[in-house]
Amino acid sequence: MVATGPDGRQAAKIVVENLNLFYGNLQALRDVYLRVPSRAITALIGPSGCGKTTFLRTLNRLNDLIDGVRISGKVLLDGQDIYDAATDVTSLRRRVGMVFQKPNPFPMSIYDNVAYGPRIHGLRQRRLLDEIVEKSLRRAALWEEVKDRLRGPAVGLSGGQQQRLCIARLLAVQPEVILMDEPSSALDPVSTLRIEELIRELKEEYTIVIVTHNMQQAARVSDVTAFFLNGEIIEYDATEVVFTRPRDPRTEAYITGRFG
């Protein structure tokens, strides 16, 4: 199904064309077309096993790490196909970063978690590292909570703080796109709201794609929503349209809880 989005004139950061993905003989994505608008929040919704996380992982080639995966079609980032043989995958994953469902801080200090990426990319100047760590933690709305214990272990933070730390760690390498795979599903309601507030703030500078099972969350935070079912995009439009005036009866059935 061709889904170009609610406004063909809006600049697209990512354009997906005729994307198919197989795990061995099992086809997980079928002829997916999608325009991901720049500096906006795109929500991917659908029942478990529908292909939304698999699709998310195609956007920075994380599926490359799985044996037996075959992919056809194109994923264009600023007009360049990320599956071209000449693509530097390390550079790609710096530009298109991932926040996972479960917070995964490294077993090191809060400071060293955030400084990890810049150090990997060769930055050694302490003054610049200090600036990056503070700026990233501020942008992740965590600085005031941890500024007095930067040398303390990251695993000592609460679940919500750990997830914001992981976001800060990602921001430290200056990505252009942030992929989020159910980033608040393991968090309590208060922490979930903090993450949602942060996501809305981040869209001022970043293109964000989020997988969520929480229909209320999708409605609250996203600008556009894509509904996946059996590896296909059934509907893609402005979030308000998808949730109030869906064109496909399967979309309405899913968002009203009749299946999924």
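Because the structure is predicted, anything quoted here is derived from the model rather than measured.

## Some details on the nonpolar core
Counting 43 residues, the largest nonpolar core has Leu137, Ile167 and Ile178 as the members making the most contacts within it. When residues of this core are assigned to their parent elements, the largest contribution, five residues, is made by helix α6 (residues 159-171). Leu19, Val69, Ile82 and Val177 belong to the second-largest nonpolar core, a separate cluster that totals 31 residues.

## Re the sheet that holds strand β10 (residues 232-238)
Here we have six strands laid out as an open sheet, ordered β6-β7-β8-β3-β9-β10, and mixed in their pairing. Of all the strands in the sheet, the pair left with one neighbour each is β6 (96-99) and β10. Each neighbouring strand pair of the sheet contributes to a mean axis angle of 20°, computed without reference to strand direction. Note that strand β3 (residues 41-45) and strand β8 (residues 207-211) share four bridges and pair parallel. Bridge pairing in β8 links Thr42 to Val209. Where α6 meets the sheet, it contacts β6 and β7 (177-181), and its direction lies at approximately 170° from that of β6.

## Re the side chain of Lys13
Looking at the element boundaries, Lys13 is found in strand β1 (residues 12-23). Only 2.8 Å separates the side chain of Lys13 from the side chain of Asp78, close enough to count as a polar contact. Of note is the side chain of Lys13, whose polar atom sits 2.7 Å from the side chain of Glu176.

## Considering the pattern of salt bridges
For the coordinates displayed, the defined rule picks out 19 salt bridges. In this structure, Glu144 engages Lys147 in a salt bridge whose closest nitrogen and oxygen atoms are separated by 2.9 Å. According to the relative accessible area criterion, Glu144 is exposed, its value standing at 54%. The residue Arg164 makes a salt bridge to Glu145 at a minimum N-O spacing of 2.8 Å. Taken together, the residues Arg164 in helix α6 and Glu145 in helix α5 (residues 143-146) connect sequence positions 19 residues apart. A relative accessible area of 5% means that Arg164 is categorised as buried. With a relative accessible area of 29%, Glu145 lands in the partly exposed category. Salt bridges here are not isolated pairs; linked through shared partners, they connect Lys13, Asp78, Arg95 and Glu176.

## With respect to the packing of aromatic side chains
For the coordinates displayed, the defined rule picks out three aromatic pairs. Where Phe55 meets Phe228, the ring centres are 5.4 Å apart and the plane angle is 45°; that geometry is what we call tilted. With Phe55 in helix α1 (residues 52-58) and Phe228 in strand β9 (residues 224-229), this pair connects stretches of sequence that are 173 residues apart. When sorted by exposure, Phe55 lands in the same class as Phe228, which is buried. Ring centres of Phe106 and Tyr116 lie 4.8 Å apart, and the angle between their planes is 65°; this geometry places the pair in the edge-to-face category. Taken together, the residues span a long stretch of sequence, with Phe106 in the loop between β6 and α3 (110-120) and Tyr116 in helix α3 at a distance of 10 residues. Under the relative-accessibility criterion, Phe106 is labelled partly exposed at 24%. Arg151 extends its terminal NZ or CZ atom over the ring of Tyr111, reaching a point 4.0 Å from the ring centre. Sitting over the ring of Phe106, Arg169 keeps its end group 3.9 Å from the ring centre.

## Some points on the confidence of the model for the chain
Residues at a pLDDT of 70 or more form 96% of the chain, whose mean pLDDT is 94. Below a pLDDT of 50 lies the segment residues 1-5, which in the model reaches 14 contacts outside its immediate sequence neighbourhood of four places, other chains included.

Reading the values: the criteria
- Residues numbered from 1 in each chain as written.
- Predicted model: local features only at pLDDT ≥ 70, side-chain atom pairs only at ≥ 80, totals over all residues.
- Heavy atoms only, no water.
- Core = buried A, V, L, I, M, F, W, Y, C linked by side-chain atoms within 4.5 Å.
- Buried < 20%, exposed > 50% of the residue type's maximum accessible area, 1.4 Å probe, protein only.
- Helix = DSSP H or I, 4+ residues; strand = E, 2+ residues; numbered from the N terminus.
- Pairing = 2+ DSSP bridges.
- Axes fitted to C-alpha atoms, helices over the stretch in contact; angles between N-to-C directions.
- Contact = heavy atoms within 4.5 Å.
- Polar contact = N/O pair within 3.5 Å; in protein donor to acceptor, adjacent residues only side chain to side chain.
- Salt bridge = Lys/Arg side-chain N within 4 Å of Asp/Glu carboxyl O.
- Phe/Tyr/Trp six-rings, centres within 6.5 Å; stacked < 30°, edge-to-face > 60°.
- Lys NZ or Arg CZ within 6 Å of the ring centre and 35° of its normal.
- pLDDT = per-residue confidence, 0-100.

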